[in-house]
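# Reading the structure
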Amino acid sequence: QVQLVESGGGLVQPGGSLRLSCAASGSILRIYAMAWYRQAPGKQRELVARIVNTGYTNYADSVKGRFTIYGDNAKNTTNLQMNNLKPEDTAVYYCNMDGVELGLKTFGSWGQGTQVTVSS
């Protein structure tokens, strides 16, 4: 079973930066896509950024130009660099990875979530 562990959340002032990290463990053969989602109180979970193994990335309109997603398929890790943070970025951020594990079984795993709070 593939497990994801996130780190890097916290409290930051508006305009500040944070870097989230996510590492996968397990019998991973290949990861096709890595992504970050977020869920604010009372709202649905939404896609923030995604990177596929070709290097193609896509971002939510609300974070374009401020957030950057990185993926390292050799290390099975992904990072989300968040700059110029705004109060509306406050949410629990979740890491997600899709791929294939030992036995040629596909997986889609989620991290436990890390809280990001942007407030003065």
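Residues numbered from 1 in each chain as written. Predicted model: local features only at pLDDT ≥ 70, side-chain atom pairs only at ≥ 80, totals over all residues. Heavy atoms only, no water.

Right, let's talk about the overall build of the protein for a bit. Broken down by element type, the protein carries 0 helices and 11 strands. Expected size for 120 residues packed as a compact globule is a radius of gyration near 14 Å; at 14 Å, the protein falls within 12% of this value. The dimensions of the protein, computed from C-alpha atoms along their principal axes, are 50 × 25 × 25 Å. For the protein, the share of sequence-separated contacts (at least 6 apart) that also reach a separation of at least 24 residues comes to 55%. Element-wise, carbon and sulfur atoms account for 47% of the exposed surface of the protein, whose accessible area totals about 6,400 Å². (Helix = DSSP H or I, 4+ residues; strand = E, 2+ residues; numbered from the N terminus. Rg over C-alpha atoms; globule rule 2.2 N^0.38 Å. Contact = heavy atoms within 4.5 Å. Areas by Shrake-Rupley, 256 points an atom, 1.4 Å probe, with all protein chains shown as cover.)

Bringing the state of the cysteines into the picture now. Overall, the coordinates contain 1 disulfide when judged by the stated rule. Put simply, C22 and C95 are joined by a disulfide, and their sulfur atoms are 2.1 Å apart. Taking the sign of the S-S torsion, about -80° here, the bridge from C22 to C95 comes out left-handed. Within this pair, whereas C22 is found in strand β3 (residues 18–25), its partner C95 is found in strand β9 (residues 91–101), the two being separated by 73 residues in sequence. (Disulfide = S-S within 2.5 Å.)

Here we come to the side chain of S109. By secondary structure assignment, the location of S109 is in strand β10 (residues 105–110). Residues in contact with S109, not counting those within four places in the same chain, are V2, L4, C95, N96 and M97.

So, about the packing of aromatic side chains. In total, this model carries 1 aromatic pair according to the counting rule given. Above the face of the Y94 ring, R45 is positioned so that its terminal group lies 3.8 Å from the ring centre. A cation over a ring is seen here: R45 above W110, with NZ or CZ 4.7 Å from the ring centre. (Phe/Tyr/Trp six-rings, centres within 6.5 Å; stacked < 30°, edge-to-face > 60°. Lys NZ or Arg CZ within 6 Å of the ring centre and 35° of its normal.)

Ordered in space as β1-β3-β8-β7, the 4 strands form an open sheet in which the pairing is antiparallel. Edge positions in the open sheet fall to β1 (3–7) and β7 (67–72), since each of these has one partner strand only. Recorded for the sheet is a direction-independent mean angle of 15° between the axes of neighbouring strands. (Pairing = 2+ DSSP bridges. Axes fitted to C-alpha atoms, helices over the stretch in contact; angles between N-to-C directions.)

Quick look at the pattern of salt bridges now. Following the criterion strictly, the structure yields 5 salt bridges and no others. Between K64 and D61 there is a salt bridge whose closest N-O contact spans 3.1 Å. On the basis of relative accessibility, which here comes to 66%, the residue D61 falls in the exposed class. Notably, a salt bridge pairs E101 with K105, separated by 3.9 Å at the nearest N-O pair. Judged by relative accessible area, E101 falls into the buried class, the value being 7%. (Salt bridge = Lys/Arg side-chain N within 4 Å of Asp/Glu carboxyl O. Buried < 20%, exposed > 50% of the residue type's maximum accessible area, 1.4 Å probe, protein only.)

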